[in-house]
Amino acid sequence: MKKAWQKIESWIKNNHPVMFSTLNAGATTQELIELESAIGINLPEDFKTFLSIHNGQIWTHLNLFNGDRLSSNEDIIRDWKNWKEAMPEIDAMVIEMFDKNASKARSSPAKGIKDDWWNPAWIPITADGSGDSFCIDLDPTSEGTNGQIIRMYHDDPSRELIAPSFRSWIETYTTDLENGVYVPSDDIGWGGIIKQE
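So, a few notes on the structure that sits alongside this text. Just so it is clear, the model here is predicted, and its values are computed rather than measured. (Residues numbered from 1 in each chain as written. Predicted model: local features only at pLDDT ≥ 70, side-chain atom pairs only at ≥ 80, totals over all residues. Heavy atoms only, no water.)

Attention now goes to the overall build of the protein. Secondary structure summary: the protein contains 5 helices and 10 strands in total. Taken over C-alpha atoms, the radius of gyration comes to 17 Å for the protein, in line with the 16 Å a tight globule of 197 residues would show. With respect to the principal axes defined by its C-alpha atoms, the protein has extents near 55 × 40 × 30 Å. For the protein, the residues scored as buried account for 46% of the 197 residues in total. In the structure as shown, the protein presents an accessible area of about 9900 Å², 50% of it carried by carbon and sulfur atoms. (Helix = DSSP H or I, 4+ residues; strand = E, 2+ residues; numbered from the N terminus. Rg over C-alpha atoms; globule rule 2.2 N^0.38 Å. Buried < 20%, exposed > 50% of the residue type's maximum accessible area, 1.4 Å probe, protein only. Areas by Shrake-Rupley, 256 points an atom, 1.4 Å probe, with all protein chains shown as cover.)

Quick look at the structure:
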């Protein structure tokens with residue numbers, strides 16, 4: 001993970017140096033313990049190492065992942081708790097509007113992802129400011145991989161499988177950075193590091 005951050009930092013230095021100011025200092029061991037305690041689940045070591053180098057980003061329009069800001073441990077706890085608190089209301093609304101015989105709201109997931117609308121073991125590690133995020137899925141189906149990265153939408157039932165692990169996701173991202181897949185942007189609504197159109 002240290003090498004991954006070195007590649008990301010090198011790209012930022014050469015392409016969008018103002019973004020350095022958006023990166024937080026690394027999470028402490030105690031902060032990572034508090035994160036796992038708050039959500040009641042052990043996180044992949046690769047992800048914890050990643051946060052120990054930069055504990056997310058400040059709130060800004062300069063986002064690290066194509067419109068998504070890297071979440072800090074505090075952001076993750078807040079977003080996870082918000083989903084947990086909102087789910088009874090979401091379940092009731094979906095049942096009332098679409099299926100009075102259902103027991104809860106269902107999603108339309110890719111293979112390997114459970115059909116929950118939200119699952120307490122889907123840990124939101126990014127945020128786009130609209131309620132969507134990349135999540136570490138620690139409760140996949142038997143066809144999935146524990147720790148896989150999925151895309152979670154707040155208002156759409158689609159649940160996309162992005163990568164088999166956090167390490168794989170980050171390695172693909174840094175390779176794409178080096179190969180020119182992403183470009184710098186100062187756009188107020190979609191700034192930072194974004195995919196070329």
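From this point on, the discussion continues.
What follows concerns the pattern of salt bridges. Inspection of the entire model under this criterion finds 13 salt bridges. Between Lys48 and Glu45 there is a salt bridge, with the nearest N and O atoms lying 3.0 Å from each other. Residue Lys48 and its partner Glu45 are both found in helix α3 (residues 45-53); the two are separated by 3 residues, about one turn of the helix. Close ionic contact of Arg167 with Asp46 constitutes a salt bridge, the shortest N to O distance being 3.0 Å. One end of the pair, Arg167, is in helix α5 (residues 166-178); the other, Asp46, is in helix α3, and 121 residues separate them in sequence. By relative accessible area, which is 33% here, Arg167 ends up partly exposed. Classification of Asp46 by relative accessible area gives partly exposed; the value is 24%. Residues participating in the shared-partner salt-bridge network are Arg69, Asp75, Arg78 and Asp79. (Salt bridge = Lys/Arg side-chain N within 4 Å of Asp/Glu carboxyl O.)

This paragraph deals with the sheet that holds strand β3 (residues 108-109). In any sheet, the strands associate via hydrogen bonds between backbone groups, in a parallel or an antiparallel arrangement. If you trace the 5 strands from one edge of the open sheet to the other, you get β3-β8-β7-β6-β4, paired in mixed fashion. This sheet does not close on itself; its edge strands, each paired only once, are β3 and β4 (122-124). Sheet topology places strand β7 (residues 148-152) next to strand β8 (residues 158-163); 4 bridges connect them, and they run antiparallel. Among the inter-strand pairings, Arg151 is bridged to a residue of β8, identified as Glu160. (Pairing = 2+ DSSP bridges.)

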